[in-house]
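Analysis of the macromolecular model
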Amino acid sequence: AVSFISMFMVQHWSAVLFVCPLVCVLYVELLGVMQLMGLHVNPITYLGLVMSIGLMVDYVMHIVIKFYESQECTREKKVKETLCTIGSSVLIGGLSTFLGIIPLAFSKSGTFWNIFMIFVGLVLLGCAHGLILLPVLLSILGPTDSCEQKTTLSRTSLSDTVKTDLDS
């Protein structure tokens, strides 16, 4: 479902190649974190996992979209601009999610404790993937098509200007 919606919501089809695998990896890692915490999949933890999918996409999608919108020419410059502009917003989103679930840690209910532990794992993994792993992947494998288009457009504009000037 994430891939399908991403294909229609994001202008660049290749963004799905970054979003879908990372969300899948995050989900599997979250299941692993649950196992390490001694949590088992039951209706309560499953509900936490379903709610966490939206946040997983959030951490990854903002970085990918900003990278694709960047007008820089090299992958490294695109990643730097992306982290400088939206990286802090993603981090603040992770911190605010963590602050929002802190009251669950003080609950005596096992249900709320399970949800708290799932979301702690989600925030840590989501921020790590969105702010560390994804920028590294984008700097190695990300597209650099904006410079080629700019060069082609400027050459076309320059040749049209020269032709217009020569004709007059």
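Now for a description of the structure that goes with this document. Just so you know, these numbers come straight off a predicted model, no measurement behind them. (Residues numbered from 1 in each chain as written. Predicted model: local features only at pLDDT ≥ 70, side-chain atom pairs only at ≥ 80, totals over all residues. Heavy atoms only, no water.)

**Notes on the overall build of the protein chain**
Within the protein chain, the secondary structure is distributed over 6 helices and 0 strands. Ordering the α and β elements of the protein chain from the N terminus gives α-α-α-α-α-α. Per-residue burial for the protein chain yields a buried fraction of 35% across its 168 residues. By element, 70% of the accessible surface of the protein chain is carried by carbon and sulfur atoms, the whole surface being about 10,000 Å². (Helix = DSSP H or I, 4+ residues; strand = E, 2+ residues; numbered from the N terminus. Buried < 20%, exposed > 50% of the residue type's maximum accessible area, 1.4 Å probe, protein only. Areas by Shrake-Rupley, 256 points an atom, 1.4 Å probe, with all protein chains shown as cover.)

**Regarding the environment of Phe98**
Tracing the sequence through the fold places Phe98 in helix H4 (residues 75–105). With a relative accessible area of 33%, Phe98 lands in the partly exposed category. On a C-alpha basis, the gap between Phe98 and Val120 in space is 6.7 Å, while along the polypeptide they are 22 residues apart. Aside from chain neighbours lying at most four places away, what touches Phe98 is Val120 and Val123. (Contact = heavy atoms within 4.5 Å.)

**Structural notes on the nonpolar core**
Counting 37 residues, the largest nonpolar core has Leu30, Val60, Val64, Leu134 and Leu138 as its most contacted members. Secondary structure elements with two or more residues in this core: helix H2 (16–36), helix H3 (43–69), H4 and helix H5 (110–141). At 12 residues, H5 tops the list of elements feeding residues into this core. Once residues within four sequence positions are removed from consideration, Leu134 is found in contact with Phe18, Leu22, Val60, Ile63, Val64 and His129. (Core = buried A, V, L, I, M, F, W, Y, C linked by side-chain atoms within 4.5 Å.)

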